[in-house]
Amino acid sequence: MQKNEKTTENIELLAEDKAGQYDELMAYFKCAMMEIETKFRVLNEEFSLQYDRNPISAIKSRLKTFKSIREKLIKNDFPLTVNSVEENLNDVAGVRVICSFERDVYLLAEALLSQDDIELIAKKDYIAHPKDNGYRSLHLIVAVPIYLVNEKRTMRVEIQLRTIAMDSWATLEHQLRYKKNIEFTDEMAEELFRCSQLSSELDHKMDNLRKLVNV
Ligand code: 0O2
């Protein structure tokens, strides 16, 4: 059995999952994720025609696993039902957009949010206000419509926009913090914080270079 496969016990905890409602909901989240990805790909294409460079270096998407959905519902004391997943969780569908320059993060976010079928639910700017550990990224929770055969549904998607430097820091920090059998010490946390400052400096230097070549 795969690690995150639904066990009988888990299905009982998501008590409403009688007629495959959970799988259906996940399919809707996947569609919303695809909508958002496409919107970013279109913006990238148009931008590259206008400025002869791509603001997006990579797009990574993921659906939250059953295991982590269940853990998050339990942690927050939310009911373990399919409805509760849709009502209470904003990050079941996640799209991460890795940008070339810091300015591109804001350009792309503004371009997406100006689209008339996108509703901004929440925004956290961890670039202007990094987390205490040094984490930087722009987080958006948006609602996007998906068009099914007989209905239109609005689904929420979590978008994380960050530069290449922010992404490599976050990826390595995550790997180090959750490394099994290794104690994550205060010294390691301080060193990671210093790395985050260096990566911020790198982003600013690269952005200055971008200005010099006027793109
Ligand atoms: P995964 O697997 O990446 O999705 P909540 O979203 O409700 O849990 P919060 O604190 O309001 O809580 O969310 P926030 O601050 O918007 O951050 C959520 C996600 O941002 C995390 O998802 C991470 O992906 C990323 N993130 C936030 N802080 C850090 C950090 O310090 N280091 C790294 N590497 N990533 C961070 P999850 O749920 O952790 O997991």
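Our structure's up above, just so we're on the same page.
Throughout what follows, the structure given in this document is the object of discussion. (Residues numbered from 1 in each chain as written. Predicted model: local features only at pLDDT ≥ 70, side-chain atom pairs only at ≥ 80, totals over all residues. Heavy atoms only, no water.)

Some remarks on the overall build of the protein
At step 1: Within the protein one finds seven helices and five strands.
At step 2: Reading the protein from its N terminus to its C terminus gives the helix and strand order α-α-β-α-α-β-α-β-β-β-α-α.
At step 3: Projecting the C-alpha coordinates of the protein onto the three principal axes gives extents of approximately 60 × 50 × 30 Å.
At step 4: Buried residues in the protein amount to 40% of all 215 residues.
At step 5: The long-range fraction of contacts in the protein, counting pairs at least 24 apart against all pairs at least 6 apart in sequence, stands at 68%.
At step 6: Surface exposure of the protein reaches about 12900 Å², of which carbon and sulfur atoms provide 51%.
At step 7: Once the 31 positive and 37 negative side-chain charges of the protein are each reduced to a mean point, those two points are 2 Å apart. (Helix = DSSP H or I, 4+ residues; strand = E, 2+ residues; numbered from the N terminus. Buried < 20%, exposed > 50% of the residue type's maximum accessible area, 1.4 Å probe, protein only. Contact = heavy atoms within 4.5 Å. Areas by Shrake-Rupley, 256 points an atom, 1.4 Å probe, with all protein chains shown as cover. Lys, Arg positive; Asp, Glu negative; His and termini not counted. Charge placed at Lys NZ, Arg CZ, Asp CG, Glu CD.)

A short note on the side chain of E158
At step 1: Considering the arrangement of structural elements, one finds E158 in strand β5 (residues 152-163).
At step 2: Buried E158, no salt bridge; nearest opposite-charge side chain is R62, N-O distance 4.5 Å.
At step 3: Once residues lying within four places of it in the same chain are set aside, the contact partners of E158 are N90, D91, A93, G94, V95, L140 and I141. (Salt bridge = Lys/Arg side-chain N within 4 Å of Asp/Glu carboxyl O.)

As for the packing of helix α2 (residues 21-51) against helix α5 (residues 102-113)
In a packed pair of helices, the relevant descriptors are the angle between the two axes and the axis-to-axis distance.
At step 1: The contact between α2 and α5 brings their axes to 11 Å, and the two run at 120 degrees. As for how α2 packs across α5, the hand of that crossing is right-handed. Judged by residue contacts, K39, F40, L43 and F47 of α2 engage D104, L107, L108, A111 and L112 from α5.
At step 2: Residue composition of the contact of α2 with α5, by class: seven nonpolar, no polar and two charged. (Axes fitted to C-alpha atoms, helices over the stretch in contact; angles between N-to-C directions. Left-handed = near helix turned anticlockwise from the far one by under 90°. Nonpolar A, V, L, I, M, F, W, Y, C, P; charged D, E, K, R; others polar.)

A word on the pairing of β5
At step 1: Counting buried residues along β5, nine of its 12 residues qualify, which places the element largely inside the surrounding structure.
At step 2: Pairing analysis gives 10 bridges linking strand β4 (residues 138-147) to β5, with the strands arranged antiparallel. Paired with H139 across the bridge in β5 is Q160.
At step 3: Turn length for the β4-β5 hairpin, with the two strands adjacent in sequence and antiparallel, is four residues. (Pairing = 2+ DSSP bridges.)

Examining the layout of surface pockets
At step 1: As a volume, the largest pocket reaches approximately 1500 Å³.
At step 2: Forming the boundary of the largest pocket are 38 residues, of which R62, K64, R96, Q160 and H174 lie nearest the centre.
At step 3: Sorting the residues of the lining of the largest pocket by element identifies β1 (56-63), α3 (66-75), β2 (93-99), β3 (119-125), β4, β5 and α6 (164-177) as the ones contributing at least two each.
At step 4: With five residues, α6 is the largest single contributor of residues to the lining of the largest pocket.
At step 5: The residue inventory of the lining of the largest pocket, partitioned by class, reads 10 nonpolar, 12 polar and 16 charged.
At step 6: Estimated volume of the second largest pocket: approximately 160 Å³. (1 Å grid on protein atoms, 1.4 Å probe; cavity = no way out; pocket = protein on both sides within 12 Å on 5 of 7 lines; lining within 4 Å. Points joined across faces, edges and corners; volume = space filled by probe spheres on them.)

Remarks on a nonpolar patch on the surface
At step 1: Together, L202, M206, L209, L212 and V213 give the surface a local cluster of nonpolar side chains, amounting to about 520 Å² of exposed area.
At step 2: Structurally, the position occupied by M206 is in helix α7 (residues 186-213).
At step 3: The partly exposed category is assigned to M206, whose relative accessible area is 37%. (Patch = residues over 30% accessible without salt bridge, like charges linked within 9 Å, V, L, I, M, F, W, Y side chains within 5 Å.)

Some thoughts on α3
At step 1: Within α3, the full set of buried residues consists of F66, I69, R70 and L73. The buried residues of α3 occupy one face: seen down the axis, they fall within an arc of 95 degrees.
At step 2: D77 occupies a position one or two residues after α3 and carries a positive phi of about 60 degrees. (Arc of directions from axis to C-beta.)

Quick word on the site of the ligand
At step 1: Near the ligand there are 16 residues, and of these R62, K124, Y126, K131 and N133 occur at the shortest range.
At step 2: Between the ligand and the protein, one listed contact pairs an oxygen atom with a side-chain N or O atom of Y126 at 2.6 Å.
At step 3: A distance of 2.8 Å is found between a nitrogen atom of the ligand and a side-chain nitrogen or oxygen belonging to K131.
At step 4: Protein contact buries 63% of the 750 Å² of open area that the ligand shows by itself.
At step 5: Spatially, the ligand is embedded in the largest pocket.
At step 6: Of all the elements in the fold, those that place two or more residues in the shell around the ligand are β5 and α6.
At step 7: By residue number, the principal contributor to the shell around the ligand is α6, which donates three residues. (Near = heavy atom within 4 Å. Polar contact = N/O pair within 3.5 Å; in protein donor to acceptor, adjacent residues only side chain to side chain. Sits in = over half its atoms within 2 Å of the grid points.)

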